[in-house]
Amino acid sequence: MADTKRKPGTPGAFSRWMQKKMNDRMIRKVRNGKAQFMGMEVLLLNTVGKRSGQPRVTPVAWFGDGNDAWLSIASGGGTQHPDWYTNLMANPERATVELPGRGAVKIKPHRLDGAEREEAWKLISTAQPRIAKYQSKSDREYPIVKLTPQ
């Protein structure tokens, strides 16, 4: 089987298929005005593939920062950063977000570090303790990205 040759910590064929089906469903829900998953608000992050240059749409959970920006955590559940994060960091000037029932908004992404990250981490892990549980099981620190509308 093809899955025996995949890198450790990367999802297998069935997991990728299931994720695609779930993402497609969530994309439809957000575009139809609904945006909650497991008690978290969801937006659609539009990026451009780092290698392919093709447009990508990914539903991601977000948390308000108390201002006008959205915070998102690049957990991905594996040993590597999720593709959406890699694509966003490679082509930040081409990124937009869609909120439920609204069109795309151009954003400026900024990876949080140091005290900024700690403050955001407290906000996110308090709102969703399961994220702290996931982080505790990972060898990598999950990046937190601030998505500011332009």
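Look up a bit, the structure's there.
Residues numbered from 1 in each chain as written. Predicted model: local features only at pLDDT ≥ 70, side-chain atom pairs only at ≥ 80, totals over all residues. Heavy atoms only, no water.

### Brief notes about a nonpolar patch on the surface
Taken together, the side chains of Phe14, Trp17, Met18, Met22, Phe37, Met38 and Tyr134 make up a nonpolar region of the molecular surface, amounting to roughly 730 Å² of accessible area. Counting through the fold element by element, tyrosine 134 comes out in helix 4 (residues 129–136). (Patch = residues over 30% accessible without salt bridge, like charges linked within 9 Å, V, L, I, M, F, W, Y side chains within 5 Å. Areas by Shrake-Rupley, 256 points an atom, 1.4 Å probe, with all protein chains shown as cover. Salt bridge = Lys/Arg side-chain N within 4 Å of Asp/Glu carboxyl O. Helix = DSSP H or I, 4+ residues; strand = E, 2+ residues; numbered from the N terminus.)

### Topic: the side chain of threonine 47
Residue position: threonine 47 is located in strand 2 (residues 40–48). The class for threonine 47 is buried, based on a relative accessible area of 3%. Once residues within four sequence positions are removed from consideration, threonine 47 is found in contact with Gln54, Pro55, Arg56, Trp84, Asn87 and Leu88. (Buried < 20%, exposed > 50% of the residue type's maximum accessible area, 1.4 Å probe, protein only. Contact = heavy atoms within 4.5 Å.)

### Points about the pattern of salt bridges
If the charged atoms of two oppositely charged side chains come close together, the side chains can form a pair. Summed over all chains, the structure comprises five salt bridges. The residue lysine 146 makes a salt bridge to aspartate 65 at a minimum N-O spacing of 3.6 Å. Here lysine 146 is found in strand 7 (residues 144–149), whereas its partner aspartate 65 is found in the loop between strand 3 (55–64) and strand 4 (70–73), with 81 residues between them in sequence. A residue is classified by how much of its surface remains accessible, and aspartate 65, at 18% relative accessible area, is buried. Across the pair aspartate 113 and arginine 111 runs a salt bridge whose closest N-O atoms are separated by 3.7 Å.

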